[in-house]
Amino acid sequence: MQHTRTWSDVYGSARALFEGRAGGHGWLVAAPPELAAPLAAQLESLDGKGRVALLVHDGLTPLLAALREERPRGVVVVAPQALSGGPAMTVPDHEVAGDALHYREGGAFPAWSGEDGLTAPQGECAAAGAVASLGLPVVVAAPEGVAQALTAWMDRTPHGR
């Protein structure tokens with residue numbers, strides 16, 4: 001896929017768009033800053049149709065906003081290790097003070113199951129719970145496994161790759 005655009009959103013999160021061949025679906029990859037370094041190269045190595053939006057975010061509010069804006073077919077959440085699912089969890093309500101924006105975030109998020117059928121361990125992942133709260137399919141992958149997770153997901157999806 002070709003990197004076509006980079007920008008910063010209202011929350012100060014870095015966003016990038018990678019586009020493949022015409023057709024296909026839109027996907028979102030969401031990563032915290034400390035795990036994002038290898039992702040652009042992996043997304044550029046993908047061979048597929050559609051587009052992948054990359055969100056490098058700190059907190060759940062930027063993720064929820066990007067999900068509503070992008071309306072992806074599915075979301076790959078980047079975590080320290082791949083997970084197959086996780087329990088419901090509550091993120092304590094707290095205030096976030098950015099450069100130009102102050103907001104409150106937190107809340108209860110549902111249990112989730114990964115769409116990839118992996119036999120990976122289960123574990124807490126607030127970002128995956130946030131994705132599930134909007135009814136979107138989610139996969140949790142380690143940074144080095146993002147391209148593989150997206151390729152496998154596209155291959156399982158009609159008109160995906």
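Calculation criteria
- Residues numbered from 1 in each chain as written.
- Predicted model: local features only at pLDDT ≥ 70, side-chain atom pairs only at ≥ 80, totals over all residues.
- Heavy atoms only, no water.
- Helix = DSSP H or I, 4+ residues; strand = E, 2+ residues; numbered from the N terminus.
- Buried < 20%, exposed > 50% of the residue type's maximum accessible area, 1.4 Å probe, protein only.
- Lys, Arg positive; Asp, Glu negative; His and termini not counted.
- Salt bridge = Lys/Arg side-chain N within 4 Å of Asp/Glu carboxyl O.
- Contact = heavy atoms within 4.5 Å.
- Pairing = 2+ DSSP bridges.
- Axes fitted to C-alpha atoms, helices over the stretch in contact; angles between N-to-C directions.
- Core = buried A, V, L, I, M, F, W, Y, C linked by side-chain atoms within 4.5 Å.

Novice: How do you make sense of the side chain of D116 when you look at a structure like this?
Specialist: Among the structural elements, D116 can be located in the loop between strand 9 (112-113) and helix 3 (126-133). Despite being buried, D116 has no salt bridge partner; R156 is the closest side chain of opposite charge, sitting 5.8 Å away. Not counting the four nearest positions on each side in its chain, D116 is found in contact with V139 and R156.

Novice: For this particular structure, what's the right way to read the sheet that holds strand 5 (residues 74-78)?
Specialist: As a general point, the strands of a sheet are linked pairwise by backbone hydrogen bonds and lie either parallel or antiparallel. Across the sheet, six strands lie side by side as 1-2-4-3-5-10; this open sheet has mixed pairing. Edge positions in the open sheet fall to strand 1 (2-8) and strand 10 (138-141), since each of these has one partner strand only. Each adjacent strand pair in this sheet contributes to an overall mean axis angle of 20 degrees, direction not counted. In this sheet, strand 5 lies alongside strand 3 (residues 21-31) in parallel orientation, the contact comprising four bridges. Bridge pairing in strand 5 places A30 opposite V77.

Novice: I keep staring at helix 3 and nothing clicks. Help me out?
Specialist: Residues spaced three or four apart along an α-helix face the same direction, because each turn holds 3.6 residues. Those residues of helix 3 not exposed but buried are A127, A128, G129, A130 and V131. The first or second residue beyond helix 3 is G135, which carries a positive phi of 75 degrees.

Novice: Explanation requested: the pairing of strand 2 (residues 14-19) in the structure shown.
Specialist: Put simply, side chains in a regular strand alternate between the two faces of the sheet. Sheet topology places strand 1 next to strand 2; six bridges connect them, and they run antiparallel. Paired with R5 across the two strands is L17, which belongs to strand 2. Between strand 1 and strand 2, which pair antiparallel in sequence order, lie five residues; one of them, G12, sits at a positive phi of approximately 85 degrees.

Novice: Any chance you could explain the nonpolar core here in plain terms?
Specialist: For soluble globular proteins, the rule of thumb is that nonpolar side chains tend to be buried together. Residues L63, L67, V77, C125, V131 and V140 are the most contacted members of the largest nonpolar core, which totals 25 residues. Going through the elements one at a time, strand 3, strand 4 (49-56), helix 2 (60-70), strand 5, helix 3 and strand 10 are the ones with two or more residues in this core. The leading source of residues in this core is helix 2, at five residues. Other than its neighbours up to four places away in sequence, C125 contacts V77, L83, M89, W112 and V140.

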